[in-house]
2 protein chains.
Amino acid sequence: MRDAFLRAARRSDLVLVSGGLGPTRDDRTLAVLAETFGRELRLHQPSLRAMEAFFARAGREMSPSNRKQALLPEGAEVLENPIGTAPGCMLETPEAVFFCLPGVPRELMRMMEEEVVPRILRRQGGRMKGVVRSALLRTFGMGESRLEDELSDLARDEHVSLGFRTAFPDNYLRPVARGSDVAEAEARLEALCAAIRERLGPVVYGRDEETLEEVCGRLLCAAGRTVAVAESCTGGLLGERFTAVPGSSRYFLGGVVAYANAAKCSLLGISQRLLSRHGAVSEPVARAMAEGARQRLGADLALSTTGISGPGGGTPDKPVGLVWIGLASDRGSEALEWVLPFDRLRHRLATSQLALDWLRRSLLELPPPRRDGSRRAP
Amino acid sequence: MRDAFLRAARRSDLVLVSGGLGPTRDDRTLAVLAETFGRELRLHQPSLRAMEAFFARAGREMSPSNRKQALLPEGAEVLENPIGTAPGCMLETPEAVFFCLPGVPRELMRMMEEEVVPRILRRQGGRMKGVVRSALLRTFGMGESRLEDELSDLARDEHVSLGFRTAFPDNYLRPVARGSDVAEAEARLEALCAAIRERLGPVVYGRDEETLEEVCGRLLCAAGRTVAVAESCTGGLLGERFTAVPGSSRYFLGGVVAYANAAKCSLLGISQRLLSRHGAVSEPVARAMAEGARQRLGADLALSTTGISGPGGGTPDKPVGLVWIGLASDRGSEALEWVLPFDRLRHRLATSQLALDWLRRSLLELPPPRRDGSRRAP
């Protein structure tokens, strides 16, 4: 660590350090930083009191080990941590300024925004060489290489660029624009976003932080409609995703995890005869599950999933990866079939994404989702 | 990138590079590496054919952009990627050996194990300065600083060490042991693990890759018992976690996501009177939910959750963070109350972990879980 600190200070004016501020013996960032630059560690009383208050609020007793987290290099400026126990600190050395932040991502991100960036801007005295603005466009249903082909002529001038990132089962696009001021950068960014959306159509389902379940929730609210689920292979994942959104009780009524066949009968009213004749992973059962959930929960719309996520359970006729997704509404029910060549967890994730995307498209009166080649011919 | 490659080569004998091997324009690792060390990029025919076969297996057409992924620096040795499109490569330069791997974590990890480590061992010619062995002990219900206090006298000699890592809602311990051969390192590791387990008792719920839901599944199988769930605030997360485990259909029957009160009545047979009298987040309703799920799904055991995950929905009497968890068995039902000071997603995660840990402890005939101070007094 000493070597890394010295190298970084030689190469850079600002050094960001994350992690190693915790209460345990393997958390040594501040001790090593202090030693490297010939400082003592000093007990910082306000940080100790803030930590005691944090534990009191959580109704827990502070452990003796936590005291260590209030030891800071002499001369350091404290960076407050509003959501955790470890404060950060800023230390100026002759060669560079060090910002030390906790490794817990949510604490680090919050402190970066509230404590570090404002200090960096102040140190620069407001001088900026132009402005950069970026967005995140979330796409589902098109491979990264096909996205590149579709967008190959966009973002080819010096003011804009386009990044690609896989975030299974999605692919994210990162348009970036530069300008001499905020208005110019934002105008370039919006023009690029509009060009991408025009090219890709409904493959772009959202922007920035908005997840697919949030998009569905927004559309359901706008339409004044409610939804329920009947899940077999996804085992609760669809319900979990709907209810991860604050306020989802306005449109999500609930659901049934019908993992065993007996549960499909008792909770969704599916007949044993239908199950025996077609098997649980079939179009009629996917439709009956969606219809059963819609009726029993009194919802406007219902989604269902039944599939073979693997690794076991496949047959020549119904291979591992097969899934049927059902959608019921006041216009009746439909089911679509896919074979998704993924391991168990990714199969479930992709299935839940296809179901949510179908719901989104149906609320927008668009055709159902496709996924390059993975849908079986009817 | 050129600067980083040159610095790394000066400092190290082996350089591991991850990411930038994809089909899109921002994937530039191999082009820059080749240029930095004065090599041309050459089309590697076997990799192109492997990629074509990969797409054919997935039933998809290969995009022209993918061809770029078969361009490798001349003189490079191909590292095969059995689960993705981008091959890796090993390039020897006068100062260091570069291993370039895809950034997708599951592809990187598999290739590290199968392609990179064996080559590193071969290059060392079997010479090793001692052996290191480590384990991961998974704990739930004790803070990181209290773990440090409890274990403060362990792993204090030069042959062993102990690392700590927060992985909400768990805390992981990483005991590490060194020895002159495998037997010595493993004996030291096992002695340290045994000492930790003796000190912490049931707070250690698992080791290495085994998750809490897998531990529950193993115990349910061993006891020949089945389980069902009735979820309100967790919204499907408990079912999702049970069914994430391959083979869970042997013991997990299914469940009900009773998010709306009407769903609690229609799917679990809870009376409107009970809901009106006590409210949905209450001991009687948590017990009735667990009993309803147990009875309707015909399970030996059932878990229920009902709480206020926030950010809205709290009252002075029932604050945000409050949760009741129920457990029903042939001996009747019980419910326990907690106030968990976490944001929505962490509240749901901690609730599901408490429920699973209670199930684990009940199968082992241990008392229910505690979480430092967060349980309300009865």
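This one's a predicted model, so the numbers in the text were calculated from it and none came from an experiment.

> Give a description of the packing of aromatic side chains that names residues and reports values.
Here the structure, examined in full by the defined rule, presents twelve aromatic pairs over all chains. For the pair B:Phe242 and B:Phe252, a centre-to-centre distance of 5.2 Å together with 20° between the ring planes defines the contact as stacked. Of the two residues, B:Phe242 is situated in helix H8 (residues 237–243) and B:Phe252 in strand E13 (residues 252–258); the sequence distance between them amounts to ten residues. Cluster of aromatic residues (ring-pair linked, three or more members): A:Phe5, A:Phe37 and A:Phe98. Sitting over the face of the ring of A:Phe168, A:Arg346 holds its NZ or CZ atom 4.8 Å from the ring centroid.

> Please give an account of the nonpolar core that cites residues and values.
Across soluble globular proteins, nonpolar side chains have a tendency to be buried as a group. In terms of nonpolar packing, the biggest core is built from 66 residues, with A:Phe242, A:Leu359, B:Phe242 and B:Leu359 touching the most fellow members. When residues no more than four places from it in sequence are discounted, the contact partners of B:Leu359 are B:Cys216, B:Leu220, B:Val227, B:Phe242, B:Leu301 and B:Leu303. Counting residues in hydrophobic clusters, the runner-up holds 36 residues, among them A:Leu268, B:Ala288, B:Ala293 and B:Ala299.

> Any chance you could break down the relation of the copies chain A and chain B for me, citing the residues and the numbers?
It takes a turn of 180° to lay chain A on chain B, together with a shift of 0.0 Å along the axis; the resulting RMSD is 0.0 Å. Those values place the two copies in the arrangement expected of a two-fold rotation axis. Both copies contact each other with a shared surface, as 100% of the interface residues of chain A are interface residues in chain B too.

> Describe the side chain of A:Glu240, naming the residues involved and giving the relevant values.
Within the secondary structure, A:Glu240 sits in helix H8 (residues 237–243). The contacts of A:Glu240, once residues within four sequence positions are left out, are B:Thr234, B:Gly235, B:Gly236, B:Leu237 and B:Arg348.

> Provide a residue-level description of the pairing of strand E14 (residues 301–307) of chain B, including the pertinent values.
Side chains on a regular strand alternate between the two faces of the sheet. All names here are of chain B. For E14, the tally of buried residues reaches seven of seven residues, placing the bulk of the element in the interior. Of the pairings in the sheet, the one linking strand E12 (residues 227–231) to E14 comprises five bridges and is parallel in character. Bridge pairing in E14 links Val 227 to Leu 301.

> Before we move on, can you summarise helix H4 (residues 105–124) of chain B with the specific residues and values?
Residues and elements named next belong to chain B. In H4, a bend of some 45° at Met 112 exceeds every other bend along the element. Taken residue by residue, H4 has Glu 107, Met 111, Glu 115, Val 116, Arg 119 and Ile 120 as its buried positions. Looking at the packing, one finds that the buried side of H4 touches strand E1 (14–18), strand E4 (77–79), strand E5 (88–92) and strand E6 (97–101). The positive-phi residue at the C-terminal boundary of H4 is Gly 125, with phi of around 60°.

> Tell me what's going on with the sheet that holds E4(B), and back it up with residues and numbers.
All names here are of chain B. Strand order across the open sheet formed by four strands is E1-E6-E5-E4, with mixed pairing between neighbours. Here the strands that pair on one side only, and so sit at the sheet edges, are E1 and E4. Within this sheet the neighbouring strands show an average axis-to-axis angle of 20°, counted without direction. Strand direction decides the pairing type here: E1 and E6, joined by five bridges, are parallel. Each bridged residue has a counterpart across the sheet, and for Val 15 the counterpart in E6 is Phe 98.

Parameters at a glance
- Residues numbered from 1 in each chain as written.
- Chains lettered and ligands numbered in written order.
- Predicted model: local features only at pLDDT ≥ 70, side-chain atom pairs only at ≥ 80, totals over all residues.
- Heavy atoms only, no water.
- Phe/Tyr/Trp six-rings, centres within 6.5 Å; stacked < 30°, edge-to-face > 60°.
- Helix = DSSP H or I, 4+ residues; strand = E, 2+ residues; numbered from the N terminus.
- Lys NZ or Arg CZ within 6 Å of the ring centre and 35° of its normal.
- Core = buried A, V, L, I, M, F, W, Y, C linked by side-chain atoms within 4.5 Å.
- Buried < 20%, exposed > 50% of the residue type's maximum accessible area, 1.4 Å probe, protein only.
- Contact = heavy atoms within 4.5 Å.
- Least-squares fit on C-alpha atoms with pLDDT ≥ 70 in both.
- Pairing = 2+ DSSP bridges.
- Bend = angle between axes of the 7 residues up to and from the residue.
- Axes fitted to C-alpha atoms, helices over the stretch in contact; angles between N-to-C directions.

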